[in-house]
Amino acid sequence: DAMVIQNPRYQVTQFGKPVTLSCSQTLNHNVMYWYQQKSSQAPKLLFHYYDKDFNNEADTPDNFQSRRPNTSFCFLDIRSPGLGDAAMYLCATSRVGQGFREETQYFGPGTRLLVL
Amino acid sequence: AQKVTQAQTEISVVEKEDVTLDCVYETRDTTYYLFWYKQPPSGELVFLIRRNSFDEQNEISGRYSWNFQKSTSSFNFTITASQVVDSAVYFCALSEAIIGGYNKLIFGAGTRLAVHP
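Residues numbered from 1 in each chain as written. Chains lettered and ligands numbered in written order. Predicted model: local features only at pLDDT ≥ 70, side-chain atom pairs only at ≥ 80, totals over all residues. Heavy atoms only, no water.

**Student:** What am I meant to see in the layout of surface pockets here?
**Tutor:** It is a probe the size of a water molecule, rolled over the atoms, that shows where empty space is left. Of the volumes computed, that of the largest pocket is approximately 590 Å³. In terms of lining residues, the largest pocket is bounded by 31 residues, among which A:K38, A:S39, A:S40, B:Q39 and B:R112 are the most central. The set of elements that each furnish at least two residues to the lining of the largest pocket consists of strand 2 (10-13), strand 9 (87-94) and strand 11 (111-115) of chain A together with strand 10 (88-97) and strand 12 (111-116) of chain B. Roughly 190 Å³ of internal volume is contained in the second largest pocket. In terms of lining, the second largest pocket is formed by twelve residues, of which the most central are A:V4, A:Y106, A:F107, B:E44 and B:L45. Of all the secondary structure elements, the ones that give two or more residues to the lining of the second largest pocket are strand 10 (106-107) of chain A together with strand 6 (46-52) of chain B. Of the residues that constitute the lining of the second largest pocket, the class distribution is ten nonpolar, one polar and one charged. (1 Å grid on protein atoms, 1.4 Å probe; cavity = no way out; pocket = protein on both sides within 12 Å on 5 of 7 lines; lining within 4 Å. Points joined across faces, edges and corners; volume = space filled by probe spheres on them. Helix = DSSP H or I, 4+ residues; strand = E, 2+ residues; numbered from the N terminus. Nonpolar A, V, L, I, M, F, W, Y, C, P; charged D, E, K, R; others polar.)

**Student:** What am I meant to see in the pairing of strand 8 (residues 64-69) of chain B here?
**Tutor:** Put simply, side chains in a regular strand alternate between the two faces of the sheet. Residues and elements named next belong to chain B. The alternating pattern of strand 8 places Y64, W66 and F68 on a buried face, while none of S65, N67 and Q69, on the opposite face, is buried. The sheet contact formed by strand 7 (residues 59-61) and strand 8 spans three bridges and is antiparallel. Along strand 8, the bridge assignment pairs E59 with W66. Connecting strand 7 to the antiparallel partner strand 8 that follows it, the hairpin turn spans two residues, and G62 within it adopts a positive phi of roughly 65 degrees. The turn joining strand 8 and strand 9 (residues 74-79), which pair antiparallel and follow one another in sequence, is formed by four residues; a positive phi near 50 degrees is taken by S73. (Buried < 20%, exposed > 50% of the residue type's maximum accessible area, 1.4 Å probe, protein only. Pairing = 2+ DSSP bridges.)

**Student:** Explain the nonpolar core to me, please; I cannot follow it from the model alone.
**Tutor:** Looking at soluble globular proteins, one finds that nonpolar side chains tend to be buried together. All names here are of chain B. Within the largest apolar cluster, 24 residues are counted, with the highest numbers of intra-cluster contacts made by W36, F75, F77, Y90 and L113. Secondary structure elements with two or more residues in this core: strand 2 (10-14), strand 3 (19-21), strand 5 (33-39), strand 8, strand 9, strand 10 and strand 12. Ranked by the residues each element gives to this core, the list is headed by strand 10, at four residues. Apart from the residues lying within four places of it in its own chain, the contact partners of L113 are I11, V13, V19, I79, D86, S87, A88 and Y90. (Core = buried A, V, L, I, M, F, W, Y, C linked by side-chain atoms within 4.5 Å. Contact = heavy atoms within 4.5 Å.)

In structure tokens form, the structure reads like this:
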């Protein structure tokens, strides 16, 4: 089945130690998103890629970076995790084509990040 | 500014009861999309439905139904004969057009539904 996969499902890191979360998709979607979701809150968009074009949300901290080496994979790098970065990180994908405005975002299972 | 309001923070029902989750939105766009997602305890956001602003037909899918009313800017979700497996957080979302023709989702705060046996 076509899907969005996130690894690992749970990640424990130390304060200040860089960590990378990964997302892959078999949907062949051209847009990939990273969201941060803290406990009892709605998902918050960090950034997204439209093909290779990177789009950062204005309030996303510089501590968060992303890479998309190809259509299928996208990575979230947290350069120096703080205690406040403990959250669920959700990857989503969607398809947008020329003249095709509507889209549905399909989400992966998420990675729960714990910062010690 | 676009906004989605889910006024019900938590709802608790007994199995087999019907339950309606409210969603009210604000937008200046004439063309927009509304979504419902389910987030069970495992954490994955599961897509339930998408509705565009030109289609006000109500939709039914099994025990789920959605009532879209542009006049009141509402997109409510009803679960008939609720089951324990329906326990989850439900998010209503609105698509916001962004440069390039693709959309950013504006989420409501979510409604936590607890269905008890």
